[in-house]
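# Tertiary structure, described
Letter by letter, the chains look like this.
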Amino acid sequence: MTETPYVGDFLKDSPRNWGKWGPDDEVGSLNYLTSAEVLRGVAEVRSGEVFTLQVRMGDPSGDPVWPGREGIQRSNVMDEGFFQRGEGVETPGGAHYSDDVATMYLQASTQYDSLGHVWYDGQIWNGYDAATTDGAMQKASVLPIAERGVVGRGVLLDVARHRGKAALDKGETFTHEDLLDVARAQGCTIEKHDVLVIRTGFIGSFYRQSAEEFYDGFLEPGLTYSPELVQWFQDMEIPNLVTDTIANEVTVEPSSGVTLPLHSALMRNLGVAFTEIAWLEDLAAACAADERWTFLYTAAPLKIVSGTGAPVNPVVVR
């Protein structure tokens, strides 16, 4: 049995954007989204349809999360029952109110990863020391992304529909060449600086089966690593990868056995922002209905100081 290589050796020749936007940069390839790119996205709006891409939090059927994490835990700390029991704090005028609290993993819903979320060789994005993550992320947290916001031209690449499936199979892979084939079949083009929105149907499938079935033999479908794919992302200057999977890539790269190498090759090395657990079913249906696959993509994760990630509800306008 071949030993799984160390990710630093596996990616030793992988390109990097460290220093490209200066020694203090914390938003990486989102720098490609200039005001001109915002206007290019606005130019894609035709019908004014609005789609939100966050999955529901606290759904009675459960929340799709990475194994080992839990969905949001929400509970009331004030409601009419408190007042009926004489436990509510009465206000002048007598109005009653409700209040609640929540505990959650910051990456247990549709969310942006911070660029410092994954690393190897003791360095995170832009060469910052991995020790800056100790206790709280001092560098490359999600906060700079949240304060900046993400706006640009988005393109939906519906891999599942292209392959004639409601959802890709567990562990099913595709490459950048497949993405180009999907775009050609859809009659659209992938342009430099596009926000790539990729539908596998995987998150949609979570709501059509039991949690036990969904997590059994957990192995997500998705993009699979190759040097050519990484170079394509570099050449196309892709700012943001958005998918309806929990980790944006096939869980284990099949030829090497390395877990989630694109998190290192694209996020750590190139500064590509990762948006995960996106709800794409409604947007995909609309795009397929009128064969318009490009749109204005907007997003702003919550401004969580030192966060390794943060929930987000991206808004797409067609």
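For the structure given in this document, a descriptive report is provided here. Residue indices follow the written sequence of each chain, beginning from 1 at its first position. Owing to the predicted nature of the model, reporting of local features is limited to residues with pLDDT of at least 70; listing and counting of side-chain atom pairs is limited to 80 or more, with chain, interface and lining totals taken over all residues. Note that water and hydrogens are dropped before the side-chain values are worked out from all heavy atoms of the structure.

Our next topic: the pattern of salt bridges. We define a salt bridge as a side-chain nitrogen of Lys or Arg found within 4 Å of a carboxyl oxygen belonging to Asp or Glu. Scanning the model with the defined rule gives 24 salt bridges in all. Residue Glu37 pairs with Arg40 through a salt bridge whose shortest N-O separation is 2.7 Å. Linking Glu37 with Arg40, this pair stays in helix H2 (residues 35-42), spanning three residues, or about one helical turn. Each member of the pair, Glu37 as well as Arg40, is classed as buried. Bridged by salt links that share partners, the residues Glu37, Arg40, Glu44, Arg153, Glu191 and Asp194 form one connected network. Counting from the N terminus, the helices are the DSSP runs of H or I reaching at least four residues and the strands are the DSSP runs of E reaching at least two. We call a residue buried when its accessible area falls under 20% of the maximum for its residue type, exposed when it is over 50%, and partly exposed in between, using a 1.4 Å probe and counting protein chains only.

A few words now on the side chain of Glu172. With respect to the secondary-structure elements, Glu172 resides in the loop between helix H5 (159-162) and strand S6 (173-174). Judged by relative accessible area, Glu172 falls into the buried class, the value being 14%. Contact between two residues is taken to exist if any of their heavy atoms lie within 4.5 Å; hydrogens are not considered. Those residues in contact with Glu172, other than ones at most four positions away along the chain, are Arg163, Lys165, Pro221 and Gly222.

A separate point is the packing of aromatic side chains. The aromatic pairing rule takes the rings of Phe, Tyr and Trp, using the six-membered ring of Trp, and pairs them if the centres are within 6.5 Å, calling planes under 30 degrees apart stacked, those over 60 edge-to-face and the rest tilted. Applying the stated criterion to the full structure yields 14 aromatic pairs. An angle of 35 degrees between the planes, with centres 4.7 Å apart, marks the rings of Phe202 and Phe214 as tilted. Of this pair, Phe202 sits in helix H7 (residues 202-206) while Phe214 sits in helix H8 (residues 211-215), placing them twelve residues apart in sequence. Across the pair, Phe214 and Phe202 agree in class, each one buried. A ring pair is formed by Phe214 and Tyr215, whose centres lie 5.0 Å apart and whose planes are at 90 degrees; its orientation type is edge-to-face. The buried category is assigned to Phe214, whose relative accessible area is 0%. Take Tyr215: its relative accessible area is 25%, and that puts it in the partly exposed class.

Take the sheet that holds strand S1 (residues 50-52) next. Note: two strands are recorded as paired if DSSP finds a minimum of 2 bridges between them. One open sheet accounts for nine strands, arranged S1-S13-S11-S5-S7-S9-S10-S4-S12; its pairing is mixed. Pairing within the sheet leaves two strands with one partner each, and these edge strands are S1 and strand S12 (309-311). Strand-to-strand twist in this sheet, taken as the mean axis angle between neighbours without regard to direction, amounts to 25 degrees. Relative to S12, strand S4 (residues 111-113) is paired through three bridges, and the arrangement is antiparallel. When the sheet's bridge partners are listed, Asp113 is paired in S12 with Gly309. Here, axes are lines fitted to C-alpha atoms. For helices the fit covers the stretch in contact, and angles between N-to-C directions go from 0 to 180 degrees.

What follows covers the packing of helix H9 (residues 227-236) against helix H10 (residues 261-270). For any two helices packed against each other, one specifies the crossing angle of their axes together with the interaxial distance. Direction vectors running N to C along H9 and H10 enclose 30 degrees, while the axes themselves pass 11 Å from each other. With respect to their mutual orientation, H9 and H10 come out roughly parallel. The handedness of the crossing between H9 and H10 comes out as right-handed. Contact with H9, carried on its side by Leu229, Val230, Phe233 and Gln234, involves Leu262, Ala265, Leu266 and Leu270 of H10 and no other residues of that element. Three residue categories are used. Nonpolar comprises Ala, Val, Leu, Ile, Met, Phe, Trp, Tyr, Cys and Pro, charged comprises Asp, Glu, Lys and Arg, and polar comprises the others, including Gly. Looking at side-chain class alone, the contact of H9 with H10 contains seven nonpolar, one polar and no charged residues. Our angle categories are set so that under 35 degrees counts as roughly parallel, over 145 as roughly antiparallel, 65 to 115 as roughly perpendicular, and the remainder as oblique. The sense of a crossing depends on the near helix, which, turned anticlockwise from the far helix by less than a right angle, makes the crossing left-handed and, turned clockwise, makes it right-handed.

Okay, unusual backbone geometry next. Positive phi values are uncommon outside glycine, yet Ala140 reaches one of about 55 degrees. The phi torsion at Ile277 lies on the positive side, around 65 degrees, for a residue other than glycine.

Their axes nearest at 9 Å, the elements helix H6 (residues 176-186) and H9 cross at an angle of 55 degrees. By the criterion of interaxial angle, the relationship of H6 to H9 is oblique. The segment H6 lies against H9, with His176, Leu179 and Leu180 engaging Glu228, Leu229 and Trp232. Looking at side-chain class alone, the contact of H6 with H9 contains four nonpolar, one polar and one charged residues.

Moving on, we get to the pairing of strand S7 (residues 195-199). Remark: a regular strand shows side chains that alternate across the two faces of the sheet. Most of S7 sits out of view: five of its five residues are buried. Alignment of strand S5 (residues 150-158) against S7, held across five bridges, turns out to be parallel. Considered in S7, the bridge of Leu156 is made with Val197. Relative to strand S9 (residues 240-243), S7 is paired through three bridges, and the arrangement is parallel.

Any two cysteine sulfur atoms lying within 2.5 Å of each other are counted as a disulfide. Under the criterion given, the structure shown has zero disulfides. Cysteine Cys188 is unpaired, with the sulfur of Cys287 as its nearest cysteine sulfur at 9.0 Å.

Let's shift gears to H6. Taken as a whole, H6 has its buried residues at His176, Leu179, Val182, Ala183 and Gln186. The buried residues of H6 occupy an angular sector of 110 degrees when the element is viewed end-on, so they sit on one face. Those residues of H6 that are exposed and angled more than 90 degrees off the buried face are Arg184 and Ala185. As for H6, its buried residues are in contact with S5, H5, S6, S7, strand S8 (222-223) and H9. Here a polar contact means two N or O atoms within 3.5 Å. Within protein one must be a hydrogen donor candidate and the other an acceptor candidate, and residues neighboring in sequence count only if both atoms are side-chain atoms. Its side-chain oxygen placed 3.1 Å from the backbone nitrogen of Glu177, Thr175 serves as the N-cap of H6. Looking at the residues trailing H6, positive phi occurs at Gly187, about 80 degrees. Directions pointing from the helix axis toward each C-beta atom define the arc.

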